[in-house]
Amino acid sequence: MRNLRSHILTSLLTVIVIAQLIAVSRAAEPLPSWVDNPTKESIIQFVKAATYKGSQNYIPPEERIAVFDNDGTLWTEQPMPFQFAFAIDRVKALAPQHPEWKNEQPFKAILENDRSYAAKATQQDIGKVMMATHAGMTTDEFQNTVLSWIRTANNPRFQRPYTDLVYQPMLELLTYLRANGFRTFIVSGGTSDFMRPWVENVYGIPPEQVVGSSLVTEYTAENGKPVLKILPKIDFIDNGAGKPVGIHKFIGRRPVMAAGNSDGDLQMLQYTAGGSGIRKMLLIHHTDANREYAYDKGAEEALKAAKENGWTVVDMKNDWNVIYPFKTKKEGGK
């Protein structure tokens, strides 16, 4: 009888140990918010091939550069890029200092919440708003303004902070890549000064690994202290063909992996694909109107190029179990 009890106890302990090992194994599985399908597998196989020293496709650690667009690739970009939402809020905050804005477009439309005008705003209009709200401050003052806005502003649809609307699957991808010796960079049309104050806390990407558009800054002194002043003049546009230029200028190595979601990322994807050895190009396709948004506008050429060149198109609806970190699979899944 004693032997039988001992046997049963040993068997139960074995079952418990096996269950724990399975649980640990599953917890360590990369990309848990990605659906187990060929899209996820292709990413894992790329990383394995790039990091296994016995592989003919091995990539030395110093060459493991992965670049990511921000708007629409790492976080939501609808109904407008979040930096423009910041600029609109700044117009309203600064309006008492600019009574002339009541009769001057596009400021008049913003102050009157005229969405019909906003929908047809030109690049010149947008430029005027950006200059009026981003220039005239020191870089430290602008950083504090951005951080204050990020902490207090909410997205109108989801009624959550904008930094909650980052994509959980992409956070996992960034972590997975870094765990395998990749350096992850943001290469975005948004300005570096807007992104750098918060990206490290949100994405784990340090500010020096952000390549963005920029306004001219100049060194000066205020009250005897050296500062950098932001001027109302464009320095660099990091979009379209500007992205490969920015990568060369600020990173100095051609990436082996790139992720984008629009035609503004096409040249970055092409530049990455044009290097030697194995490459991985991801195009995030917004297909989930329920959990996020569904649209192809502005990505037509990139989708065409992805199909022609065999790049990986990430279908949000079918490839991601969860969109946002604040959603569980049950709440946010299909």
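Residue numbers here run from 1 along each chain, matching the order of that chain's written sequence. Per-residue local features of the predicted model are confined to residues with pLDDT of at least 70, and side-chain atom pairs are confined, for both listing and counting, to 80 or more; whole-chain, interface and lining totals are unaffected and use all residues. Water and hydrogen atoms were dropped before computing side-chain values, which therefore reflect all heavy atoms in the structure.

1. Side note on the packing of aromatic side chains
Working step 1: What counts as a ring pair is set by centres within 6.5 Å for rings of Phe, Tyr and Trp (its six-membered ring), and what kind of pair is set by the plane angle: stacked under 30 degrees, edge-to-face over 60, tilted for all other angles. The full count for this structure, using the stated rule, is 18 aromatic pairs.
Working step 2: Ring geometry for Phe86 and Trp149: centres 5.4 Å apart, planes at 75°, overall edge-to-face. With Phe86 in helix H3 (residues 82-94) and Trp149 in helix H7 (residues 139-152), the pair connects residues that are 63 residues apart, well separated along the chain.
Working step 3: Of the residues examined, Phe86 reaches a relative accessible area of 0% and is grouped as buried.
Working step 4: Among the aromatic side chains, those forming a connected cluster through ring pairs are Trp75, Phe82, Phe86, Phe142, Trp149, Tyr162, Phe194, Trp198 and Tyr203.
Working step 5: Over a ring means this: the NZ of a Lys or the CZ of an Arg is within 6 Å of the ring centre and within 35 degrees of the ring normal. Lying over the aromatic face of Tyr293, Arg157 brings its terminal NZ or CZ to 4.7 Å of the ring centre. Helix and strand assignments come from DSSP, with helices taken as H or I runs of at least 4 residues and strands as E runs of at least 2, each series counted from the N terminus. Each residue is placed in one exposure class: buried if its accessible area under a 1.4 Å probe, protein chains only, is under 20% of its type's maximum, exposed if it is over 50%, and partly exposed if it falls in between.

2. Let's talk about the packing of H3 against H7
Working step 1: All axes are obtained by fitting lines to C-alpha atoms, using only the stretch in contact for helices, and the reported angles, taken between N-to-C directions, cover 0 to 180 degrees. One way to put it is that H3 packs onto H7 with a least axis distance of 11 Å and a crossing angle of 100°. Between H3 and H7, the angle falls in the class roughly perpendicular. In this structure, H3 contributes Phe82, Ala85, Phe86, Asp89 and Arg90 to the contact, and H7 contributes Phe142, Thr145, Val146 and Trp149.
Working step 2: Taken together, the residues that form the contact of H3 with H7 break down as six nonpolar, one polar and two charged. Roughly parallel means an angle under 35 degrees; roughly antiparallel, over 145; roughly perpendicular, 65 to 115; everything else is oblique. Note on contacts: a residue pair qualifies if any of its non-hydrogen atoms lie within 4.5 Å across the two residues. Put simply, Ala, Val, Leu, Ile, Met, Phe, Trp, Tyr, Cys and Pro go in the nonpolar bin, Asp, Glu, Lys and Arg in the charged bin, and everything else, Gly too, in the polar bin.

3. A look at helix H13 (residues 300-309)
Working step 1: Buried within H13 are the following residues: Ala302, Leu303, Ala305 and Ala306. Along the long axis of H13, the arc covered by the buried residues comes to 160°, so they all point the same way. In H13, the exposed positions that point more than 90 degrees away from the buried face belong to Lys307 and Glu308.
Working step 2: Positioned one or two residues after H13, Gly310 has a phi angle of 75°, which is positive. Throughout, the arc means that of the directions going from the helix axis to the C-beta atoms.

Geometric values such as these leave the question of function open.
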